[in-house]
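# Chain and residue survey
Here is what each chain is made of, one letter per residue.
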Amino acid sequence: MGSRAWSVEKRSTLKSDSFSKDIDNLLETGCLSIIVLGASGDLAKKKTFPALFNLYREVLGKFGLLNEAINKGFLPSDEVHIFGYARTKISDDELRNRIRGYLINKNDASSEHSEEINKFLQLIKYVSGSYDGEDGFRLLDKEITEHEFSKNSQEGTSRRLFYFALPPSVYPSVCRMIKLYCMNKSNLGGWTRIVVEKPFGKDLDSAEQLSAQIGGLFDESQIYRIDHYLGKELVQNLLVLRFANRMFLPLWNRDNIDNVQIVFREDFGTEGRGGYFDEYGIIRDIIQNHLLQVFCLVAMEKPVSLKPEHIRDEKVKVLQSVLPITDDEVVLGQYEGYTDDPTVPDLSNTPTFASLILRIHNERWEGVPFILKAGKALNSRKAEIRIQFKDVPGDIYKCQKQGRNEFVIRLQPSEAIYMKLTVKQPGLEMSTVQSELDLSYGQRYQQVKIPEAYERLILDTIRGDQQHFVRRDELKAAWEIFTPLLHRIDNGEMKPIPYKPGSRGPAEADELLAKSGYVQTHGYIWIPPTL
């Protein structure tokens, strides 16, 4: 094996005792039923079922988590059964055929892969029923109970995981039906958990109302509010980078960092989702959840431990330290042609682009602007965190104009972590140039498959690890930050600026960026290394 090859087996001994314990519990527990509500919809077909399939086929020993002799996936067929539930009246085989196309890997069309798909699909049973009717959920409970009985599970020891691939409008009725008809009958080590997808409301009042309705039926320990950004590889690496590397500890503060950007860019528009998107807009769809979760991990203080509640406590603290957003630190945009979509009102005021500044009132971050920016129909597709450091005092090399040091975490695509540095230009002359220290995942970890975010988060739910899920008080604190701004937009007090599709967005956004103190690097472009 070459010197640059990455061996997970060699490093597997570094896993924590708590992580080992989680794995042991996974193997020791009994029968598991995963119920996908909204099984005939797009989210279930494109994300939920493929994630379950990958967990089913993944071998634990491959990652060095267990002895390699254990050739068992994370969802072993002798313990797990999957139920699809929706209003659509179709058979088991019809649902399986709808799902099959989303499980096929174009790079792995082998007979072995096809056999794995067939075995996985046989684990799926479909039940049809309404989302607010007793009959459908009684039938669902009957099917689950029969599966548990067939696995010789003692009543109360089995596990039931309900995944809501549904619109939030039906959450309350579905929760009520589950509570009345589909819960574990007693508490003998088993559990019932629910996974709910965003959006969690449209503002503070609606979010609190939804939380109260669900919270009146389930304990917080049973509720998993999923934000798939928290399952991304580089997002999960944030706390490790910050708190497991000594060199960052003294640098991560207002004394050294000038500004922080958290950016989400798409090079396409709403593409058939115009009607849905127009109800929410880019702030509700991306910034208030995905980018704010990343913001928390960048800005939070070091937790007491890696226990989920300790981490979530620190996230809440930093959200509560955010000052109110001011209108002069917000730029809204709407790409030209957005209202051509027949499902979008002609006079829509919904922003498809937003750039805004969050300011934290605490000792670590006072005076440091956090620029959160997201947009559709822009000139590139990427999501990244860009931490820009202050100028070097006493610039003896006269190289400030070339740009500042930056620490960049590229979330997607081409996952990478790199540090922009000023170095000597090779040659006889003493001249400087910007370069980078680069950890590109595609090059460094060539033989490692990076799991999809939904795979990680579903597995966390099965393990009972709520670290990467949104707690109720955290959700409330997030909405408290954005609700006043959103109401001003909804009331027409703030208007989006038109911008051309394929551009960087409104020019005013670049002006806001410069006003916040960001210094553009000229003549330098990061190029992902080739394999």
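Our subject in this report is the structure included herewith.

What counts, and where the lines are drawn
- Residues numbered from 1 in each chain as written.
- Predicted model: local features only at pLDDT ≥ 70, side-chain atom pairs only at ≥ 80, totals over all residues.
- Heavy atoms only, no water.
- Helix = DSSP H or I, 4+ residues; strand = E, 2+ residues; numbered from the N terminus.
- Buried < 20%, exposed > 50% of the residue type's maximum accessible area, 1.4 Å probe, protein only.
- Phe/Tyr/Trp six-rings, centres within 6.5 Å; stacked < 30°, edge-to-face > 60°.
- Lys NZ or Arg CZ within 6 Å of the ring centre and 35° of its normal.
- Pairing = 2+ DSSP bridges.
- Expected span 1.5 Å × (residues − 1).
- Contact = heavy atoms within 4.5 Å.
- Lys, Arg positive; Asp, Glu negative; His and termini not counted.
- Salt bridge = Lys/Arg side-chain N within 4 Å of Asp/Glu carboxyl O.
- Polar contact = N/O pair within 3.5 Å; in protein donor to acceptor, adjacent residues only side chain to side chain.
- Axes fitted to C-alpha atoms, helices over the stretch in contact; angles between N-to-C directions.
- Parallel < 35°, antiparallel > 145°, perpendicular 65-115°, else oblique.
- Left-handed = near helix turned anticlockwise from the far one by under 90°.
- Nonpolar A, V, L, I, M, F, W, Y, C, P; charged D, E, K, R; others polar.
- Core = buried A, V, L, I, M, F, W, Y, C linked by side-chain atoms within 4.5 Å.
- Right-handed = clockwise from strand over helix to strand, strands pointing away.

This brings us to unusual backbone geometry. Between Lys 198 and Pro 199 the backbone carries a cis peptide bond, its omega angle lying at 5°. Counting through the fold element by element, Pro 199 comes out in the loop between strand 5 (191-197) and helix 8 (204-215). In this model, Ala 377 sits at a positive phi of 60°, which is unusual for a non-glycine residue. Within the secondary structure, Ala 377 sits in the loop between strand 10 (369-375) and strand 11 (382-389). According to the relative accessible area criterion, Ala 377 is buried, its value standing at 5%. Phi at Ser 414 takes a positive value of approximately 55°, unusual for a residue other than glycine. Following the sequence through the fold, Ser 414 ends up in the loop between strand 12 (406-412) and strand 13 (416-424).

Moving on, we get to the packing of aromatic side chains. Under the criterion given, the structure shown has 17 aromatic pairs. With 6.2 Å between their ring centres and 80° between their planes, Trp 252 and Phe 407 make a pair best called edge-to-face. One end of the pair, Trp 252, is in the loop between helix 10 (238-243) and strand 7 (257-265); the other, Phe 407, is in strand 12, and 155 residues separate them in sequence. The burial state of Trp 252 is the same as that of Phe 407; both residues are buried. Between Phe 353 and Tyr 499 the ring centres are 5.8 Å apart and the planes differ by 65°, which places this aromatic pair in the edge-to-face class. In this pair, Phe 353 sits in strand 9 (residues 353-359) while Tyr 499 sits in strand 16 (residues 497-499), placing the two residues 146 residues apart along the sequence. An aromatic cluster of at least three residues, connected via ring pairs, comprises Phe 277, Tyr 335, Tyr 338, Phe 353 and Tyr 499. One Lys or Arg, Arg 193, reaches over the ring of Trp 191 and ends 3.9 Å from the middle of that ring. The aromatic ring of Tyr 280 is capped on one face by Lys 202, whose charged end is 5.4 Å from the ring centroid.

Taken in spatial order, the seven strands line up as 3-2-1-4-5-6-15 in an open sheet, and their pairing is mixed. Across the chains shown, the open sheet's two edge strands, defined by having one partner strand only, are strand 3 (124-128) and strand 15 (469-470). Here strand 2 (residues 80-86) runs beside strand 3; their pairing, made up of five bridges, is parallel. Bridge pairing in strand 3 places Ala 86 opposite Ser 128.

Counted at 1.5 Å a residue, the expected span for helix 8 with its twelve residues is 16 Å, and the 16 Å between its end C-alpha atoms agrees. Buried positions along helix 8 lie against helix 7 (171-181), strand 5, strand 6 (223-226) and helix 15 (472-490).

Moving on to the side chain of Asp 465. Mapped onto the elements, Asp 465 comes out in the loop between helix 14 (453-463) and strand 15. One buried charged residue, Asp 465, remains without a salt bridge, the closest side chain of opposite sign being Arg 463 at 6.6 Å. A distance of 3.0 Å separates the side chain of Asp 465 from the backbone nitrogen of Gln 467, its partner in a polar contact. When neighbours within four sequence positions are excluded, Asp 465 is seen to be in contact with Tyr 224, Pro 308 and Asp 460.

This part takes up the pattern of salt bridges. One pass over the structure, following the stated rule, counts 32 salt bridges. A salt bridge links Asp 141 to Arg 160, with the shortest nitrogen-to-oxygen separation between them at 2.7 Å. Pair noted here: Asp 141 is in helix 6 (residues 134-150) and Arg 160 is in strand 4 (residues 159-164), with a separation of 19 residues, a long-range link. A relative accessible area of 12% places Asp 141 in the buried class. A salt bridge links Glu 474 to Lys 315; its shortest N-O distance comes to 3.1 Å.

Our next topic: the packing of helix 3 (residues 42-57) against helix 14. Describing two packed helices takes the angle between their axes plus the distance from one axis to the other. Here helix 3 crosses helix 14 at 65°, and the two axes come no closer than 8 Å. With respect to helix 14, the axis of helix 3 lies roughly perpendicular. Crossing hand, helix 3 versus helix 14: right-handed. In this structure, helix 3 contributes Leu 43, Lys 47, Thr 48, Ala 51, Leu 52, Asn 54 and Leu 55 to the contact, and helix 14 contributes Tyr 454, Glu 455, Ile 458 and Leu 459. Its residues assigned to classes, the contact of helix 3 with helix 14 comprises seven nonpolar, two polar and two charged.

Bringing the nonpolar core into the picture now. Phe 164, Ile 283, Phe 295 and Phe 370 are the most contacted members of the largest nonpolar core, which totals 145 residues. With residues up to four places along the chain from it excluded, the contact list for Phe 295 reads Ile 262, Leu 319, Val 322, Leu 358, Ile 360, Phe 370 and Leu 372.

Within strand 5, seven of the seven residues are buried, which leaves the element mostly enclosed by the surrounding structure. The side-chain alternation of strand 5 yields two buried faces, one formed by Trp 191, Arg 193, Val 195 and Glu 197 and the other by Thr 192, Ile 194 and Val 196. Bridge analysis of strand 4 against strand 5 gives six bridges, and the strand direction is parallel. Looking at the pairing, Tyr 163 lines up with Val 195 of strand 5. In this structure, strand 5 lies alongside strand 6, joined through four bridges in parallel fashion. Bridge pairing in strand 6 places Val 196 opposite Arg 225. Assessed by its sense of winding, the connection that carries the chain from strand 5 through helix 8 to strand 6 is right-handed.

This part covers the side chain of Asn 289. Assignment of secondary structure puts Asn 289 in helix 11 (residues 274-299). Residues within four places of Asn 289 in sequence aside, it is in contact with Lys 198, Asp 227 and Arg 284.

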